[in-house]
Amino acid sequence: MRELVATRYETQLEFDGRSFDRPDVCVIVPAYNEGAALAGVLEELSQLPYRVIVVDDGSGDNTAAQAARFDVCLLRHVWNLGQGAALATGIMYASALPETRYIVTFDADGQHTVADLPRLITALEKEELDVVLGTRFRDGAVVSGIPLVRRLTLRMGIAFTRLTTGLVLTDTHNGIRAFTVNAARSLKLTQNRMAHASEILSRISQLGLRYRETPVTVRYTSYSTAKGQGSIGAVAILWDIATSRMR
Amino acid sequence: MRIGQVVFLLAGLSFAVYATRLRSTVTDRLVYLLLAGAGCVLVLYPDWSTGIAHRVGIGRGVDLVIYLFIVFSLFHYASGAAKARQTERAITAIVRRLALAEARPDSALRGEAGSPSGGASAALDSLGVPPVPPDRQ
């Protein structure tokens, strides 16, 4: 097990003077070996008034060190558990803070657009919703550079979701999701790895949460495409889902 | 449909039911003992395997032994997977507890930004999180 626990953080932050006008909104950023992209993402996020919670999922690179330079909450898994587990840890921390009213998840690889966040929060505040899901494939959404094989795999994911949960969505695997704190607490996610996306949707369906999709902008750079799980990942997800019923 | 095929389908179905509902450490061990016992019997009385095989519609006694071994392997897999799942749950709980206990809050939660969240410390305490990181006390 890597000796990550011994690291102590510098008190002198490089980026200070953040505004905390909206500490009731927690943005959870799960990160695994995103040392290259994370600083850029956190720099953008620090322009917003929300609380940011970075969950380092046992990274072997300088992910945690990068996050420590910013005025964010930093949680670290000493062992890589998976994105689902990182989200669950972040949600547990965020929902324990008494100020929290909204929880948003946001990817660390730079695919998501920070400017989309206020719209998700406003939708939760103004409409009677428990969940707002980002989608790449609705009107107004901008998708650049998505590979064809990925697009086909996503189509199958959409059909699978409709079959298993009854939810009719245009995007079933988008990491940008906003929840009210009560909705987030009630999810009780158990899937540690990539099947968590399917688990979130089936929990939304089981709990009868009020949801809506909203268009978001997703950038596919060569960095994020190379890093992202391939269509082979779909096999792992199906396996996890199939065996999740085993005692 | 031959009786052998029917038996196969029933076996497959009952395994699925077993793996998703009835399985536990106790039942796993009972199944192991049962199958091990059957294996011993067939070694001691090899002629019995041909008799039983013909009764069920399988060609040779050897085939029956092979099928029983397949069944044994399925149960062994389910039992091993269950232990692996338990271990993963334990690791997750430990790693998460550690992450929460060693969390570094942002400056607002630490009270540096001039807006101390007194209520936050109580909530974080319930998670086992110290309000100020251990190294900064």
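In this text the structure is predicted, and so the values were computed from the model without any measurement. (Residues numbered from 1 in each chain as written. Chains lettered and ligands numbered in written order. Predicted model: local features only at pLDDT ≥ 70, side-chain atom pairs only at ≥ 80, totals over all residues. Heavy atoms only, no water.)

Before going further, it helps to spend a moment on the overall build of chain B. Secondary structure summary: chain B contains 6 helices and 0 strands in total. Along the chain direction, N to C, the helices and strands of chain B fall in the order α-α-α-α-α-α. Split into buried and exposed, the 137 residues of chain B put 29% on the buried side. Restricting to contacts in chain B with at least 6 residues of sequence separation, those with at least 24 account for 57%. (Helix = DSSP H or I, 4+ residues; strand = E, 2+ residues; numbered from the N terminus. Buried < 20%, exposed > 50% of the residue type's maximum accessible area, 1.4 Å probe, protein only. Contact = heavy atoms within 4.5 Å.)

Attention shifts here to the sheet that holds strand β5 (residues 131–135) of chain A. Residues and elements named next belong to chain A. Spatial strand order, β3-β2-β1-β4-β7-β5-β8: 7 strands in an open sheet with mixed pairing. Among the strands making up the open sheet, the edge pair consists of β3 (73–77) and β8 (211–215). With direction set aside, neighbouring strand axes in the sheet form an average angle of 20°. Of the strand pairs in this sheet, β5 and β8 are connected by 5 bridges, and their pairing is parallel. What sits directly across from valine 132, in β8, is arginine 212. Along the sheet, helix α1 (residues 35–45) contacts β1 (22–31) and β2 (50–57); its crossing angle with β2, the most-contacted strand, is approximately 165°. (Pairing = 2+ DSSP bridges. Axes fitted to C-alpha atoms, helices over the stretch in contact; angles between N-to-C directions.)

This part takes up the pattern of salt bridges. Residues and elements named next belong to chain A. Counted under the stated rule, the structure contains 13 salt bridges over all chains. Arginine 22 is the partner of glutamate 125 in a salt bridge, and the nearest nitrogen-oxygen pair spans 2.7 Å. Placement of glutamate 125 in helix α4 (residues 117–126) and of arginine 22 in strand β1 is noted, with a sequence separation of 103 residues between them. Arginine 119 is the partner of aspartate 116 in a salt bridge, and the nearest nitrogen-oxygen pair spans 2.6 Å. Its relative accessible area of 5% is what places aspartate 116 among the buried residues. Among the charged side chains, a salt-bridge network with shared partners connects Arg22, Asp24, Arg101 and Glu125. (Salt bridge = Lys/Arg side-chain N within 4 Å of Asp/Glu carboxyl O.)

This part covers the side chain of A:Thr172. Residue and element names in this part refer to chain A. Relative to the helices and strands, threonine 172 resides in the loop between α5 (148–165) and β7 (177–180). Residue threonine 172 is classed as buried on the basis of its relative accessible area of 4%. Polar contacts involving the side chain of threonine 172 include one to the side chain of histidine 173, which spans 3.2 Å. Apart from residues lying up to four places away in sequence, threonine 172 is in contact with Gly157, Ile158, Thr161, Ala197 and Leu201. (Polar contact = N/O pair within 3.5 Å; in protein donor to acceptor, adjacent residues only side chain to side chain.)

Counting from both sides, the interface comprises 35 residues of chain A and, opposite them, 36 residues of chain B. The contact between chain A and chain B buries some 3,000 Å² in all, and 59% of this surface belongs to carbon and sulfur atoms. Between A:Arg51 and B:Asp106 there is a salt bridge; the shortest N-O distance is 3.0 Å. The interface formed by chain A and chain B contains 15 residue pairs in polar contact (both at pLDDT 80 or more). Secondary-structure elements contributing two or more residues to the side of chain A that touches chain B are α2 (63–68), β3, α3 (83–96) and α9 (233–243) of chain A. No other element matches the 6 residues that α3(A) contributes to the side of chain A that touches chain B. Here the side of chain A that touches chain B is built from residues that sort into 23 nonpolar, 5 polar and 7 charged. (Buried area = accessible area lost by both parts, 1.4 Å probe. Nonpolar A, V, L, I, M, F, W, Y, C, P; charged D, E, K, R; others polar.)

With that settled, consider the pairing of β7(A). Residues and elements named next belong to chain A. Burial along β7 is two-sided: the residues Arg177 and Phe179 and Ala178 and Thr180 are all buried. As defined by bridge partners, strand β4 (residues 102–105) adjoins β7 across 4 bridges and the pair is classed as antiparallel. Within β7, the residue paired with valine 104 across the bridge is alanine 178. For β5 and β7, the ladder comprises 3 bridges, and the chain directions are antiparallel. Bridge pairing in β7 places valine 132 opposite alanine 178.

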